[in-house]
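Now for the letters of each chain:
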Amino acid sequence: MALLRLVNPSCFRLLNSFRYFAKQNVRESVSVGCRVSLRKICTSPCVHSKQPEDMDNTMTDEPIKYSTSSARGHSSYDTFFIERGAPWYQMYLVLGSTSVFLLYFLALREENDLDEEIGKSLFERISGLEEQDLKAKISNAKAMGLDSKVYEKRLMEIQSKQ
């Protein structure tokens, strides 16, 4: 508990919340993980901060009102759009480079052997696979009471080629 006296109120509330969930029907490994991660959170700058004397360290079950908390003044714009100090032309350079890259690889470049291999179907790569697949489709269609004439026609075509 000596550590708790050094911790600021927000970390103290967080610690009590983790203890509450650990007492509930939560697996032991989860509660241990929570304590370890909480210790990492609270030992950074909050251990060295001093608490005001008027702050009460007891945790209550009452919810904290959003309208009276300091979270009310936080803007979500500040969370997602951080000023990074990038030059004004960086966006145009990245956009132009990406456009040239895509134009070359998708339109201007000729297909090579690897591109042709990628375009082949699995049935062209493995001999006998399409025949086995059609036999399975015919048996499934008959078991379900569906028409299997299309599959049988394709199977006849394959067997006549061999």
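Residues numbered from 1 in each chain as written. Predicted model: local features only at pLDDT ≥ 70, side-chain atom pairs only at ≥ 80, totals over all residues. Heavy atoms only, no water.

1. Quick word on the overall build of the protein
In step 1: In terms of helices and strands, the protein carries nine helices and zero strands.
In step 2: Counted from the first residue to the last, the protein has its helices and strands arranged as α-α-α-α-α-α-α-α-α.
In step 3: Relative to all contacts within the protein whose residues are 6 or more apart in sequence, the contacts with residues 24 or more apart total 49%.
In step 4: For the protein, the exposed surface amounts to about 14200 Å²; the carbon and sulfur share of it is 59%. (Helix = DSSP H or I, 4+ residues; strand = E, 2+ residues; numbered from the N terminus. Contact = heavy atoms within 4.5 Å. Areas by Shrake-Rupley, 256 points an atom, 1.4 Å probe, with all protein chains shown as cover.)

2. What to know about the environment of K135
In step 1: Residue placement: K135 occurs in helix α8 (residues 129–144).
In step 2: Once the C-alpha coordinates of K135 and Y151 are considered, the two residues, 16 residues apart in sequence, prove to be 8.0 Å apart.
In step 3: K135 has contacts with L155 and Q159, leaving out every residue within four places of it along the chain.

3. Considering the confidence of the model for the protein
In step 1: Taken over all residues, the pLDDT of the protein has a mean of 75, while the share at 70 or more is 64%.
In step 2: Taken together, the stretch residues 1–7 has pLDDT below 50 and engages in 13 contacts with residues farther than four places along the chain or on a different chain. (pLDDT = per-residue confidence, 0-100.)

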